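As a plain string of letters, each chain reads:
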Amino acid sequence: MGHTVAGWTGTALVVAGAAVAGVAFAAGSTAGLGCGLALTALGALAAWLLHLAAWGKPTGPRRSADRPWRTRDAAARHGHPDCLGCRLAGRAPAVRAPVAARVRERADA
């Protein structure tokens, strides 16, 4: 769904890094290629850190009040369900077992 500070910042840095790396590759510059790849990695890291700082939002539909890109996400502190970035930071909410597994557990008890 995009349109967040984290998304736009990460995208801009990754596109700039890819452009620098592409030009450096065509020019045969090893140092420029390294700088472009480092800028690309910095873009991914910046997007992740901004997401954790509540400047990114989970995927899926949002309330109209939460749609502007300048609006911070209040749920980011506790983690978003099914979010790899939140899981990597240790913020993922507890995942419950599927209903069928819970029913079987009760039947076995």
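To keep things clear, this report deals only with the structure shown in the data block.

Description of the overall build of the chain
Working step 1: Across its full length, the chain carries four helices and zero strands.
Working step 2: The proportion of buried residues among the 109 residues of the chain is 22%.
Working step 3: Of the roughly 7600 Å² that the chain leaves accessible, carbon and sulfur atoms contribute 67%.

Brief notes about helix α2 (residues 30–55)
Working step 1: Burial in α2 covers these residues: Gly 32, Gly 36, Gly 43, Ala 46, His 51, Leu 52 and Ala 54.
Working step 2: Of the surrounding secondary structure, the elements contacted by the buried residues of α2 are α1 (5–27) and α3 (84–88).
Working step 3: A side-chain oxygen of the first residue of α2 lies 3.0 Å from the backbone nitrogen of Gly 32; this N-cap is Ser 29.

As for a nonpolar patch on the surface
Working step 1: Together, Leu 42, Leu 45 and Leu 49 make up an exposed nonpolar region whose accessible area comes to about 260 Å².
Working step 2: Mapped onto the fold, Leu 49 is located in helix α2.

Some remarks on the side chain of Thr 4
Working step 1: Summarising the element assignment, Thr 4 is placed in the segment before α1.
Working step 2: The class for Thr 4 is buried, based on a relative accessible area of 6%.
Working step 3: Discounting chain neighbours no more than four positions away, the residues touching Thr 4 are Trp 55, Gly 56, Lys 57 and Trp 69.

Section: the side chain of His 51
Working step 1: Relative to the assigned elements, His 51 resides in helix α2.
Working step 2: Setting aside anything within four residues of it in sequence, one finds His 51 in contact with Ala 6, Gly 56, Lys 57, Ala 76, His 80, Cys 83 and Cys 86.

Examining the packing of α1 against α2
Working step 1: Relative orientation of the contacting elements α1 and α2 amounts to 175°, with a least axis distance of 7 Å. When the interaxial angle is binned, α1 and α2 end up roughly antiparallel.
Working step 2: Split into classes, the residues belonging to the contact of α1 with α2 amount to 19 nonpolar, eight polar and no charged.

Criteria and thresholds
- Residue numbers run consecutively from 1 along every chain, following the written order of its sequence.
- Note on the predicted model: pLDDT of at least 70 is required for a residue's local features to be given, and 80 or more for side-chain atom pairs to be given and counted; whole-chain, interface and lining totals, by contrast, use all residues.
- Derived side-chain values reflect all non-hydrogen atoms in the structure, with water molecules and hydrogen atoms excluded from consideration.
- Numbering of helices and strands runs from the N terminus, with a helix taken as a DSSP run of H or I at least four residues long and a strand as a DSSP run of E at least two residues long.
- Three exposure classes are used, based on accessible area relative to the maximum for each residue type with a 1.4 Å probe and protein chains only: buried under 20%, partly exposed in between, and exposed over 50%.
- Only the protein chains shown count as cover for residues, and all accessible areas are computed by the Shrake-Rupley method using a 1.4 Å probe.
- Only heavy atoms enter the contact rule, under which two residues are in contact if any of them lie within 4.5 Å.
- Residues adjacent in sequence count toward polar contacts only when both atoms are side-chain atoms; beyond that, a polar contact is any pair of N or O atoms within 3.5 Å, and within protein one must be able to donate a hydrogen and the other to accept it.
- Residues with no salt bridge and a relative accessible area higher than 30% make up the patches, which join like charges within 9 Å and nonpolar side chains (Val, Leu, Ile, Met, Phe, Trp, Tyr) within 5 Å.
- Salt bridges, as used here, are contacts in which a Lys or Arg side-chain nitrogen is within 4 Å of a carboxyl oxygen on Asp or Glu.
- Think of each axis as a best-fit line through the C-alpha atoms, taken over the contacting stretch in the case of a helix, with angles from 0 to 180 degrees between the N-to-C directions.
- Working rule for angles: under 35 degrees goes down as roughly parallel, over 145 as roughly antiparallel, 65 to 115 as roughly perpendicular, anything else as oblique.
- Residues are grouped as follows: nonpolar covers Ala, Val, Leu, Ile, Met, Phe, Trp, Tyr, Cys and Pro; charged covers Asp, Glu, Lys and Arg; every other residue, Gly included, is treated as polar.

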